[in-house]
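Given next are the chains, with one letter for each unit.
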Amino acid sequence: MSWFKRHEINCFIIVDGAFDDAVSKLLSPPGDYLALTRFVQSALYQRSRGFLAPGSAAVLRLPESIIDGQKETTGCSHLVICPTMHWPQDVSWDRYVVYNTVWAMLSALDRHNVDEGIDSDRRSRSPIRSLLMPGLGTGTGNLPYRRFASQFALAVKHFDEAVRNPSEWSSIGWEKISKIIDAMERTLDDSPPDADGH
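Residues numbered from 1 in each chain as written. Predicted model: local features only at pLDDT ≥ 70, side-chain atom pairs only at ≥ 80, totals over all residues. Heavy atoms only, no water.

### What about the packing of aromatic side chains?
To be explicit about the condition: Each aromatic pair joins two rings of Phe, Tyr and Trp (for Trp, the six-membered one) with centres within 6.5 Å, and gets the label stacked for planes under 30 degrees apart, edge-to-face for over 60, and tilted for any other angle. Numbering of helices and strands starts at the N terminus; helices are DSSP runs of H or I of at least 4 residues and strands are runs of E of at least 2. Residue exposure (1.4 Å probe, protein chains only): buried if accessible area is under 20% of the type maximum, exposed if over 50%, otherwise partly exposed.
Under the defined criterion, the tally for this structure stands at 4 aromatic pairs. Measuring from ring centre to ring centre gives 5.7 Å for W103 and W169, while their planes differ by 25°; the resulting arrangement is stacked. Of this pair, W103 sits in helix α4 (residues 97-115) while W169 sits in helix α7 (residues 166-169), and the two are 66 residues apart along the sequence. Taking the centre distance of 5.7 Å and the plane angle of 40° together, the rings of F148 and F152 count as tilted. In this pair, F148 and F152 both sit in helix α6 (residues 145-164), 4 residues apart, roughly one turn of the helix. Note on F148: relative accessible area 14%, which makes it buried. Among the aromatic residues, those joined into a cluster by ring pairs are Y99, W103, F159 and W169.

In structure tokens:
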């Protein structure tokens, strides 16, 4: 089915669409474009039998051969896989897919860095300190850029609050949940900003 080619990351992790296409071309050895897809699919088969649901995330350490090949250019050592769709399709119906996916991504990064010891001694063999990502769901997924941006920012804000205020977020009540839901609802206004930027 050729229509699956050149689209955003999907639950079956074929790394060949749009942003993923560029990543595959950059990280795969010359002449072996599908090397990254094979690596990711194999790694995710070990974790979740080859399927990663929309709105979830997984941090994968790249094989040493790929890491060594990138030392002088990208320095990339990990991929964070964050599917927003089952297969290339419009996901504008999924009201909070960006918020959920970004939260899952931040949680996966946080777990990775804690597991790597970054919190205890500020040294690690492979902490993740920066991330390059596209607008989740804004291509084939047909999500408005404004919704992506507002949900991305809100998920980061809420995740940061959760990290800084564990006592509040580890025993969250309905009043706080109501405020979170209200803020999430406001991200659904996809109308273009007015002249004042609102």
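### A closer look at the pattern of salt bridges
What counts here: One side-chain nitrogen of Lys or Arg within 4 Å of one carboxyl oxygen of Asp or Glu is enough to make a salt bridge.
Counted by the stated rule, this structure contains 9 salt bridges. A salt bridge links D21 to K25, with the shortest nitrogen-to-oxygen separation between them at 3.1 Å. Here D21 and its partner K25 are both found in helix α1 (residues 19-27), 4 residues apart, which amounts to about one turn of the helix. Overall, the relative accessible area of 12% leaves D21 in the buried class. Ionic pairing is found between E64 and R61, a salt bridge with its closest N-O pair at 3.0 Å. A relative accessible area of 31% places R61 in the partly exposed class. Each member of the salt-bridge network shares a partner with another, and the members are K157, E161, E168 and K176.

### A short note on unusual backbone geometry
Residues apart from glycine generally show negative phi values, whereas peptide bonds are mostly found in trans. Backbone geometry at R49 places phi at a positive 60°, although glycine is not the residue there. Mapped onto the secondary structure, R49 falls in the loop between α2 (35-48) and β1 (58-61). R49 gets classed as exposed once you look at its relative accessible area, which sits at 56%.

### Description of the packing of α4 against α6
Operational definition: Angles run from 0 to 180 degrees between N-to-C directions of axes, and those axes are lines fitted to C-alpha atoms, restricted for helices to the stretch in contact. To sort the angles, those under 35 degrees are grouped as roughly parallel, those over 145 as roughly antiparallel, those from 65 to 115 as roughly perpendicular, and the leftovers as oblique. Two helices crossing with the near one rotated counterclockwise from the far one by less than a right angle form a left-handed crossing, whereas a clockwise rotation gives a right-handed crossing. In what follows, residue pairs with any heavy atoms lying within 4.5 Å of each other are defined as contacts. As a working rule, the residues Ala, Val, Leu, Ile, Met, Phe, Trp, Tyr, Cys and Pro are called nonpolar, Asp, Glu, Lys and Arg charged, and the rest polar, with Gly in that last group.
Closest axis-to-axis distance for the α4/α6 pair is 8 Å, and the angle between their directions is 40°. Between α4 and α6, the angle falls in the class oblique. The two elements α4 and α6 cross, and the hand of that crossing is right-handed. The residues of α6 that touch α4, namely those facing V97, V98, Y99, V102, W103, M105, L106, S107 and D110, are F148, Q151, F152, L154, A155, V156, H158, F159 and A162. Partitioning the contact of α4 with α6 into residue classes produces 14 nonpolar, 3 polar and 1 charged.

### A closer look at the side chain of H78
Quick note on the threshold: Whenever a nitrogen or oxygen atom comes within 3.5 Å of another N or O atom, the pair is scored as a polar contact, on the condition that within protein one atom can donate a hydrogen and the other can accept it, and that pairs from neighbouring residues in sequence are kept only if both atoms are in side chains.
Assignment of secondary structure puts H78 in strand β2 (residues 78-81). At a separation of 2.8 Å, a polar atom in the side chain of H78 contacts the side chain of S77.

### Comments concerning α1
Turn by turn, an α-helix covers 3.6 residues, leaving residues three or four places apart pointing in a common direction. Threshold: Working note: the arc is built from the helix axis to C-beta atom directions.
Looking at α1, one finds that the buried residues are D20, D21, V23, S24 and L27. Taken around the axis of α1, the buried residues stretch over an arc of 165°, which confines them to a single face. Those residues of α1 that are buried are in contact with α2, α3 (64-70) and β2.

### Focus: the confidence of the model for the protein chain
Short version of the rule: Per residue, pLDDT measures the predictor's confidence, with a range of 0 to 100.
Mean pLDDT over the protein chain works out to 84, with 85% of the residues at or above the 70 mark. Helix α5 (residues 118-121) is the least confidently modelled element of the protein chain, averaging 50 in pLDDT, while α6 averages 96, the highest of any element. Taken as a whole, residues 1-7 scores under 50 in pLDDT and shows 17 contacts with residues more than four places along the chain or in a different chain. Counting interchain partners and residues more than four positions distant, the pLDDT-below-50 stretch residues 120-124 has 7 contacts.

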